[in-house]
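Working through the structure, step by step
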Amino acid sequence: MRTRFVIAALMSLALGAFAAQKPKPPKAYATKQGTPLALRDFLNKRCNACHNSVQRQGGLDLSTLAFHPDDAKSAAVWIKIHDRVQSGEMPPKGVPRPAEAERGAFLKTLAAPLIAADETRSRREGRSTWRRMNRYEYENSLRDLLDAPWLQIKEMLPEDGLAYRFNKVGDALDVSHVQMSRYLAAAEYALREAMAKQSERPALIQRRFYAREQRSFIGPAKFTQFNGSPERATFPITGNAADLPALQETGPMTVGAKDPARREQEGMGVVASAYEPLQPKFDQFRAPVAGHYKLRLCAHSFWAGPESAQRWWRPSRTELSAGRTQEPVSLYAELPPQQLRKLGSVDIGITPTVGELDVYLLKGETVRPDAVRFFRSRPPNFRNPLAQKDGQPGVAYQWLEVNGPLYASWPTAGQRLLFGDLPVKSEGKGRVTVVSENPDADAVRLLRGFMKRAYRRPVQDDDVQPFVKLVQTARAAGDDFTDAMITAYAAVLCSPSFVTLEEKPGPLDDYALASRLSYFLWNSEPDASLRSLAAEGGLRKPGVLRAQADRMLADPRSERFTEAFLDYWLDLRKVNTTSPDADLYPDYYLDDYLEESSIDETRAYFSELVRGDLPARNLVASNFAMVNDRLATLYGMPGVEGTAIRRVELPADSPRGGLLTQASVLKVTANGTTTSPVLRGVWINERILGLPVPPPPPSVPAVEPDTRGATTIREQLSKHRTQPTCSVCHAKIDPAGFALESFDVYGGWRDRYRALGDGPKIVGIGKNGQAFAFHAALPVDPSGILPDGRKFQDVRELKRLLLQDERQIARNLVRQLITYSTGAPVRFGDRPKVEAILDRAKPGGYGVKSLLHAIIQSDLFGNK
């Protein structure tokens, strides 16, 4: 009952404060004036013949449409009219077109009152809606506040709502009792994770864990040869001793050699990636506490040849498949039951190679290595696609060295923030209590210090008192000092002053500006430098603001911006929501290395654009790509080895370069079985060109894919477009999508579609160990005609056509960044300011970093 009472008190405190601070919705009102004469004349002459009370084409009746720019619904209709006339879509083809002077006068007359109404509304209410942090921001804020980078709390919180594509818009970020309950649970978990788990510094582990002593390596091992047929190579883990034939004398199940020198060289060889039932891990190690660790993995690649006279495969360093000198190995942290989290990747050479990783582990996590280039077994009758007549490639794991947990200081920064220098007493089983001789005074002192650090503005005594009372209430209910303080700290971390971004209409004060900048570029709270500048009132100076933005972009924490922005702008977070079909695309099925590499590529590519201030046109086309060995194989780029993503120059005729042809983008715009020019065409129009596409009518059925290969998607869409309700939109959507038909569901180049059923099968074995079941079907036709009549034959020509309007590409990027950074979409009244941002960056070809700086210096960013 006491727990329920405390939770109820916290929720009442937090929700009550939310209700007190949340502004009332704006009052809608409309002016009494009618439609201006200049507008009526144009509409009567050019538009009303079709858009009247009788015909109402497009559901629009202009003859009775009132002109109320101060009313949001009325303004939305007039903005749509403005944009259709401006784009030349209206009046439609075949109807007499207005002279440019007449058209320009109409647009100017219509735009002026719409802009004025928007500016009035912004001065009164602000552009953006009051909002709370999303769960990305909340997790990062707690990590930085408590100096606990290992915290994993995002998944503890409900999914955030989306508006205008992003999870940063207040209109979609509601607050409910359920939401607050989850925030409270996450906050308490984070606080207890950040606390010291014992009174003394945890013992430092410096130990090597040998592969041949791990149960998960030895248990499922089968020491066999090739079973008499090179094509039927058994894949299970097999022993090897780095060219030490004497190891055979010890017998296949001997665990560890007595000779220390030989023990260092022994290993356990694998010829397959980690997958059921083979899931090797260094299970003798489990992280004793959450924290910072250094890992060193020693392994080497080898060529496993069949040996008829012995039970062991003969390892060879002189024979490698296809001349490879490196094998990629990824390491994962694992919590039961099989919860995997990627830690990083290392490259393994033909001689024992030591790869090093700096990682953060949760308590209880162990480390699982995975030779990611190899295949993953799927029954029945699987075969190794990498096997040749004389053997197959393998990786021998020798040992994992663990050094940690590592601490910059003791007590930790999180412990000092929560409990200062108060002594800690161990109660056993990871339970500690903080000893206070004067709980009342300590509670006030500690809460004030914590809130000064947690809140992103100055803290007053009135801010502290409600939480002091909460400590007193919890202690009166029977909690000890430690638990009572955790209760109050959790309430602080769920209070509006922490959870919400406090902004008032008009220019942001320095504290709010510091927060807006940090939640833009770091997705987290301002650091000490930003807080100091805000306190001095110097952050708004253009030179200072620019210098801070440069500093923050150079900081590793800017990776959070890249990840979160791309996750929602490009839907990168959806890369793993579908799987390549096991029959149509067995060469991609179960390929985690490709999935992870594709995400890394897009993030590295955007970071390269920012770092080099490269022109925005690189979003469409570039003369370089960011790849590793797996992506280079997919893209047909020879000579790239290793797991590291690096910049590689492209030949002049390459179809690659830019976002459109990256594996991640082509994956999220496909369903794993087939590709659709509609989905990819919508994606290009909305994500790259900034041209909104209306949703399909609910009564129109979707085009069903033909996996038998009797018809192409182009032929199916041709029939679909004969319906009047479909043809207009598809004429805009499909052409760009047709150009991407040269790429399959994961971005591999194709000249023909794949199909199942009758037909000569393509020879090959998939990553799942099964023979290909598909055949080459009808040829791909990547040509198209853009809505303005321009033709292209393939994706190369499409890119050249799109780059004829570089400003539109930059304009769309600016609009996406403004929505992401300010929590509000670009309104009609903001458009002149967007053009000013573009003008500022135009001399440098709309460099991406220049656009970021111009946004940060703009009134759109500096005002609520």
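Bear in mind the structure is a predicted one, so any value in this text is a computation, not a measurement.

Right, let's get into the overall build of the protein. When helices and strands are tallied, the protein shows 28 helices and 18 strands. Split into buried and exposed, the 864 residues of the protein put 53% on the buried side. Excluding contacts between residues fewer than 6 apart, the proportion of contacts in the protein whose partners are at least 24 apart in sequence is 75%. When the accessible area of the protein is evaluated, it comes to approximately 37,500 Å², of which 53% is carbon and sulfur surface.

With antiparallel pairing, the three strands of this open sheet are ordered in space as E7-E6-E9. Pairing within the sheet leaves two strands with one partner each, and these edge strands are strand E7 (339-348) and strand E9 (366-371). Taken over all neighbouring pairs, the strand axes of this sheet differ in orientation by 25 degrees on average, direction set aside. Of the strand pairs in this sheet, strand E6 (residues 327-335) and E7 are connected by nine bridges, and their pairing is antiparallel. Among the inter-strand pairings, Ala333 is bridged to a residue of E7, identified as Arg341.

What follows covers empty space enclosed by the protein. For the coordinates displayed, the defined rule picks out five cavities of 30 Å³ or more. The computed volume of the largest cavity comes to approximately 130 Å³. At the level of secondary structure, the elements contributing two or more residues to the lining of the largest cavity comprise helix H14 (510-521) and helix H25 (806-822). Residue composition of the lining of the largest cavity, by class: five nonpolar, five polar and five charged.

Turning our attention to the packing of aromatic side chains. On inspection of all chains with the given rule, the structure shows 31 aromatic pairs. When the ring of Phe419 is compared with that of Tyr489, the centres are 6.1 Å apart and the planes differ by 70 degrees; the resulting orientation is edge-to-face. You can see Phe419 sitting in helix H9 (residues 413-419) and its partner Tyr489 sitting in helix H12 (residues 481-492), a full 70 residues away along the chain. Since its relative accessible area comes to 0%, Phe419 is described here as buried. Accessibility expressed as a relative area gives 0% for Tyr489, which makes it buried. Geometrically, the ring pair formed by Tyr585 and Tyr588 is stacked, given 5.8 Å between the ring centres and 5 degrees between the ring planes. Note on Tyr585: relative accessible area 3%, which makes it buried. Accessibility expressed as a relative area gives 6% for Tyr588, which makes it buried. In this structure, Arg557 is placed above the aromatic ring of Trp522, and the distance from its NZ or CZ to the ring centre is 3.8 Å.

One pass over the structure, following the stated rule, counts 57 salt bridges. Of the charged contacts in the structure, one is a salt bridge between Glu155 and Arg135, with a shortest N-O distance of 3.7 Å. Taken as a pair, Glu155 in the loop between helix H5 (135-145) and helix H6 (177-194) and Arg135 in helix H5 lie far apart in primary sequence, 20 residues in all. Assessed through its relative accessible area of 6%, Arg135 is described here as buried. Taken together, the shared-partner salt bridges connect Glu188, Arg192, Arg431, Asp480 and Asp483 into one network.

Attention shifts here to the pairing of E9. Of all six residues making up E9, six are buried, and the element is well covered by its neighbours. Side chains Thr366, Arg368 and Asp370 of E9 all project onto a buried face; the interleaved residues Val367, Pro369 and Ala371 project onto the opposite face, where all are buried too. Relative to E9, E6 is paired through six bridges, and the arrangement is antiparallel. Across the sheet, the residue bridging to Val329 is Ala371, located in E9.

This next bit is on the nonpolar core. Core analysis: the largest hydrophobic core is formed by 99 residues, its most contacted members being Phe520, Leu521, Phe565, Trp569, Phe606, Leu813 and Leu851. If near-sequence neighbours (up to four positions away) are discounted, Leu851 is found in contact with Ala616, Ala810, Leu813, Val814, Ile837, Leu838, Ala841 and Tyr846. Counting 57 residues, the second-largest nonpolar core is a separate cluster that includes Phe481, Met485, Val492 and Val499.

This part takes up the side chain of Ser330. The topology assignment puts Ser330 in strand E6. A distance of 2.8 Å separates a polar atom in the side chain of Ser330 from a polar atom in the side chain of Ser345. Here Ser330 is in contact with Lys342, Gly344, Ser345, Arg368, Pro369, Asp370, Val372 and Glu596, once residues within four sequence places are set aside.

This next bit is on H5. Since one α-helical turn is 3.6 residues long, residues separated by three or four positions face the same way. Among the 11 residues in H5, 11 count as buried, and that is most of the element. By the burial criterion, the buried members of H5 are Arg135, Tyr136, Glu137, Tyr138, Glu139, Asn140, Ser141, Leu142, Arg143, Asp144 and Leu145. Against H6, H9, helix H10 (439-454), helix H13 (496-499), H14 and helix H17 (558-569) lie the buried residues of H5. In this structure Asn134 caps H5, since a side-chain oxygen of it lies 3.1 Å from the backbone nitrogen of Tyr136. In the stretch just after H5, Asp147 is the one whose phi turns positive, near 50 degrees.

Another point: the side chain of Thr819. For Thr819, the location among the structural elements is in helix H25. In this structure Thr819 comes out as buried when scored by relative accessible area, which is 6%. Discounting residues that sit within four places of it in the chain, Thr819 has contacts with Tyr164, Phe166, Val169, Ala824, Pro825 and Val826.

The next thing to look at is the packing of helix H11 (residues 461-476) against H12. Where H11 contacts H12, the two axes come as close as 8 Å, and the packing angle between them is 145 degrees. Of the two possible hands of crossing, H11 and H12 adopt the one that is right-handed. On the side of H11, the interface is formed by Phe467, Leu470, Val471, Ala474 and Arg475, while H12 contributes Ala484, Met485, Thr487, Ala488, Ala491 and Val492. Considering only residue class, the contact of H11 with H12 consists of nine nonpolar, one polar and one charged.

The description of two packed helices rests on the angle between their axes and on the distance between the axes. Orientation of helix H16 (residues 542-554) relative to helix H27 (residues 848-856), taken along the N-to-C sense of each, is 135 degrees, at an axis distance of 10 Å. Considered as vectors, H16 and H27 are oriented oblique to each other. At the point where H16 passes H27, the crossing takes the right-handed sense. Taken together, the residues of H27 that come into contact with H16 (itself represented by Leu545, Arg546, Ala549, Asp550 and Leu553) are Lys849, Leu852, His853 and Ile856.

For the protein, per-residue confidence averages 86 on the pLDDT scale, and residues scoring 70 or more make up 85% of the total. Residue range residues 222-257 is modelled with pLDDT below 50. Its contacts to residues more than four positions away, or to other chains, number 96 contacts.

Once that is clear, we can look at H17. Over its 12 residues, H17 runs 16 Å from end to end, which matches the ideal 16 Å to within 8%, given 1.5 Å per residue. With 10 of its 12 residues buried, H17 lies for the most part within the structure. Within H17 the residues assigned to the buried category are Ser558, Arg560, Phe561, Thr562, Ala564, Phe565, Leu566, Asp567, Tyr568 and Trp569. Looking one or two residues beyond H17, the residue adopting positive phi is Asp571, at roughly 65 degrees.

Calculation criteria
- Residues numbered from 1 in each chain as written.
- Predicted model: local features only at pLDDT ≥ 70, side-chain atom pairs only at ≥ 80, totals over all residues.
- Heavy atoms only, no water.
- Helix = DSSP H or I, 4+ residues; strand = E, 2+ residues; numbered from the N terminus.
- Buried < 20%, exposed > 50% of the residue type's maximum accessible area, 1.4 Å probe, protein only.
- Contact = heavy atoms within 4.5 Å.
- Areas by Shrake-Rupley, 256 points an atom, 1.4 Å probe, with all protein chains shown as cover.
- Pairing = 2+ DSSP bridges.
- Axes fitted to C-alpha atoms, helices over the stretch in contact; angles between N-to-C directions.
- 1 Å grid on protein atoms, 1.4 Å probe; cavity = no way out; pocket = protein on both sides within 12 Å on 5 of 7 lines; lining within 4 Å.
- Points joined across faces, edges and corners; volume = space filled by probe spheres on them.
- Nonpolar A, V, L, I, M, F, W, Y, C, P; charged D, E, K, R; others polar.
- Phe/Tyr/Trp six-rings, centres within 6.5 Å; stacked < 30°, edge-to-face > 60°.
- Lys NZ or Arg CZ within 6 Å of the ring centre and 35° of its normal.
- Salt bridge = Lys/Arg side-chain N within 4 Å of Asp/Glu carboxyl O.
- Core = buried A, V, L, I, M, F, W, Y, C linked by side-chain atoms within 4.5 Å.
- Polar contact = N/O pair within 3.5 Å; in protein donor to acceptor, adjacent residues only side chain to side chain.
- Left-handed = near helix turned anticlockwise from the far one by under 90°.
- Parallel < 35°, antiparallel > 145°, perpendicular 65-115°, else oblique.
- pLDDT = per-residue confidence, 0-100.
- Expected span 1.5 Å × (residues − 1).

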